[in-house]
Amino acid sequence: MTEALSKSLRHSAAARWISLAIVSFSMLCGYYVADVASPLKPLLEQQLKWTSAEYGFFTGAYAWFNVAMFMLIIGGILLDKLGARLTGILACILMVAGCTLKWWAVTTHVLDGGMFFGTKTQVWVAALGYAVFGVGIEIVGVTATKVIARWFKGYEIALAMGLQVGTARIGTSLAVGLGGPIAEKFHQSIGAPILVGVVLLSFGLVAYIIYCAMDRRLDETEGLMEGPSEEDAFRLSDIADILRIRGFWYVTILCALFYSGVFPFIKYAPDLMVQKFGVRENLAGSIPSILPIAAIPLTWFFGWYYDKKGKGATLMVLGSLLLVAVHFVFAVPFLNSWVVALVATIFLGFAFALVPSAMWPSIPRFIPHRQLGTAYGLIFWTQNLLALWVVPYLIGWVLDKYCIVGTRVSQAGTSPAYNYGLPMAIFTVLGVLAVVFGLLLKAEDKAKGFGLELPSRG
Ligand SMILES: C[C@H](NC(=O)[C@@H](N)CCCCN)C(=O)O
């Protein structure tokens, strides 16, 4: 090994930050596609006659394969076994393929009039595309998190993960804020914002291939040319080891509950703005798009704060408390001015920064690096089950069953008028449960000494 190779590339600040920027960009593209359908809900109802339950069904499809076929857990294990290069590229390809299928489903007329098990064939095919995409983006998320844990071990890991998640949220923000205007620009075309997603994902794939060159170089400089060492190799018994850690269960359940109050909310928020706060349909996404925008700098800030001062478990409890307060405000019927919606959304941005910026960098504090892919895979699996499948579907079903209060007539056509009180009450209860698990995690950290309240070393 030459002198140059004996020094790990990790120790080069430029290399660390460039690798972070590249994988974060791939995530940003994926996050755009993950949420681009939410501002399109009224158009899907008006032009393609989707019901809210069908929209919820489609939205929940994101998690079908991840949960039912355990793709996330398999993906996490593959990551630990095959490494970040192959796993990441395969995941990026799945994202492009899935998004292309979704685009085709909402733009073709071949599927018109078809029904399958009481749901439009078009909804099934769009959902299938979204399900394939969901496998890709989730595995990219797990891969990127492990990649960053490796590059930044002993450095500013929480700041780096905050930057990664914050940058990815730019994609959410672009989707929610620009999805409607892009559709409008192309004569209310539902396909246009999704096609933009296909193009973005292709750039994301190219970016990840470029990252792979850096990852290979990192392996070389760490003497890992022949793959992971015996000691680093993943064993199936590792899953049992991870599941034996009570703190792991607390953080996993907290994650599922907290994100159940955020991700499904984003899917329905543009519609909520129209139905409760009287926002015009073409501007429906403008207030919700502030949520990820507010979260971006705050996630960076709280990541930096966690590195410097610690208090990770406390940050998670505070974020969950804020989630409860915000959803409670959204649930109160007479608080229906757009100013209330704006202020509550900004506070939700604080919550959406506090919990992720502390949660993701906390995992390497009690799980060894060789098991990280599996651990993140297990956490994401549970989160997918509740936050990205059950709750979005439940909210759509509740809306159709209990919340229709009339008919809305707009330029683009008619659609049901909804009272969002009950869905917002459900989100509030999920937040309360998240607080409980945050407190349990804090107590467990104190008892077991995971170090969640301590600053990062290095
Ligand atoms: C890093 C973390 N990612 C996730 O929670 C993913 N399972 C879900 C991605 C959904 C994108 N709208 C996060 O975003 O905080």
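Let me begin by describing the structure that accompanies this report. Remember, it's a predicted structure, so these values are computed and weren't measured experimentally.

## Details of the overall build of the protein chain
Right, on to step 1. Looking only at helices and strands, one finds 18 helices and four strands in the protein chain.
Right, on to step 2. For the protein chain, the C-alpha radius of gyration of 21 Å lies close to 23 Å, the compact-globule estimate for 458 residues.
Right, on to step 3. The buried share of the protein chain, reckoned over its 458 residues, is 59%.
Right, on to step 4. The contacts in the protein chain between residues at least 6 apart in sequence include a share of 84% that link residues at least 24 apart.
Right, on to step 5. Computed over 33 positive and 26 negative side-chain charges, the separation of the two mean positions in the protein chain equals 5 Å.

## As for empty space enclosed by the protein
Empty space among the atoms becomes visible once a probe the size of a water molecule is rolled across them.
Right, on to step 1. A complete count under the given rule lists two cavities of 30 Å³ or more for this structure.
Right, on to step 2. Reported here for the largest cavity is a volume of approximately 290 Å³.
Right, on to step 3. Along its surface, the largest cavity is lined by 21 residues, and Tyr31, Tyr62, Glu138, Phe263 and Gln383 are the ones closest to its centre.
Right, on to step 4. At the level of secondary structure, the elements contributing two or more residues to the lining of the largest cavity comprise helix 2 (13-35), helix 8 (121-151), helix 9 (157-185), helix 13 (263-275) and helix 17 (372-402).
Right, on to step 5. Per element, the largest residue contribution to the lining of the largest cavity is five residues, and it comes from helix 8.
Right, on to step 6. Taken together, the residues of the lining of the largest cavity break down into 12 nonpolar, five polar and four charged.
Right, on to step 7. Estimates place the volume of the second largest cavity at around 30 Å³.
Right, on to step 8. What lines the second largest cavity is simply Ala37, Leu44, Trp50, Phe58, Lys102, Val106 and Ile194.
Right, on to step 9. Here the residues of the lining of the second largest cavity sort into six nonpolar, no polar and one charged.

Analysis parameters
- Residues numbered from 1 in each chain as written.
- Predicted model: local features only at pLDDT ≥ 70, side-chain atom pairs only at ≥ 80, totals over all residues.
- Heavy atoms only, no water.
- Helix = DSSP H or I, 4+ residues; strand = E, 2+ residues; numbered from the N terminus.
- Rg over C-alpha atoms; globule rule 2.2 N^0.38 Å.
- Buried < 20%, exposed > 50% of the residue type's maximum accessible area, 1.4 Å probe, protein only.
- Contact = heavy atoms within 4.5 Å.
- Lys, Arg positive; Asp, Glu negative; His and termini not counted.
- Charge placed at Lys NZ, Arg CZ, Asp CG, Glu CD.
- 1 Å grid on protein atoms, 1.4 Å probe; cavity = no way out; pocket = protein on both sides within 12 Å on 5 of 7 lines; lining within 4 Å.
- Points joined across faces, edges and corners; volume = space filled by probe spheres on them.
- Nonpolar A, V, L, I, M, F, W, Y, C, P; charged D, E, K, R; others polar.

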